[in-house]
Amino acid sequence: MGNRLSKIATRTGDNGTTGLGDGSRTSKDSVRVHAMGDVDELNSTIGLLLCEAMPDEMREELVMIQHDLFDLGGELCIPGYQMIKEEHVERLDALLEKYNATLPALTEFILPAGSRAASIAHVCRTVCRRAERAIVTLGKEENIHDHPRQYVNRLSDLMFVLARVLNRFAGGSDVLWRHDRKRG
């Protein structure tokens, strides 16, 4: 990377534009920049989740996902560039299968609650869904590869599953939505 990050405050964005990885400039409120920002926020939220107690193997997997998300941000930053490929999506599919196998089937909706780690995983899931919507919107305006959209779709599912696993790791279980509760 050399000296690319030797100066953080460049003042080049003071006019409301930002530089992309290909050297072009775009408005800071463009669809592309929104997608990049949502992926960045997701990565930061996963960083917050990593501050919590969890199985070591899950921690390693989440760190790998953070690296993938950094690559995804790079792909979004360089129009036409591809970093997220089918094998990234397949790796998430394998993690979904692995963790789903440890959980009982759902018979009711669950609330985004339970342990602190599980609750943060649910926040990651919702931020991931927002990033997915931003990538879908970008794909309607510009030609982008399919794998980034597929990756965040799988990742949001994985964060839901990991929240369930983390509740059990903390000694709890799913917090069920009670459809028959007294309302009003």
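Here the structure is a predicted model, which means the values were calculated and not measured.

So, how was this worked out
- Residues numbered from 1 in each chain as written.
- Predicted model: local features only at pLDDT ≥ 70, side-chain atom pairs only at ≥ 80, totals over all residues.
- Heavy atoms only, no water.
- Helix = DSSP H or I, 4+ residues; strand = E, 2+ residues; numbered from the N terminus.
- Buried < 20%, exposed > 50% of the residue type's maximum accessible area, 1.4 Å probe, protein only.
- Contact = heavy atoms within 4.5 Å.
- Salt bridge = Lys/Arg side-chain N within 4 Å of Asp/Glu carboxyl O.

Participant: Lay out the environment of Asn 167 with the relevant residues and their values.
Facilitator: Within the secondary structure layout, Asn 167 lies in helix α5 (residues 147-169). With relative accessibility at 4%, the residue Asn 167 sits in the buried group. Counting along the chain gives 117 residues from Asn 167 to Leu 50, while the straight-line C-alpha distance between them is 15 Å. Not counting residues within four places of it along the chain, the set of residues in contact with Asn 167 comprises Ala 113, Gly 114, Ser 115, Ala 118, Gly 172, Ser 173 and Asp 174.

Participant: Which residues make up the pattern of salt bridges, and what are the values?
Facilitator: Tallied over the entire structure, the rule returns 13 salt bridges. Among the ionic pairs, Arg 149 bridges to Asp 146, the shortest N-O distance being 3.4 Å. Taking relative accessible area as the criterion, Arg 149 reaches 30% and is therefore assigned partly exposed. The class of Asp 146 is partly exposed, set by a relative accessible area of 42%. Two residues, Arg 164 and Asp 174, come together in a salt bridge whose shortest N-O distance is 2.8 Å. Placement of Arg 164 in helix α5 and of Asp 174 in the segment after α5 is noted, with a sequence separation of 10 residues between them. Its relative accessible area of 4% is what places Arg 164 among the buried residues.

Coordinates in, geometry out; function isn't part of it.
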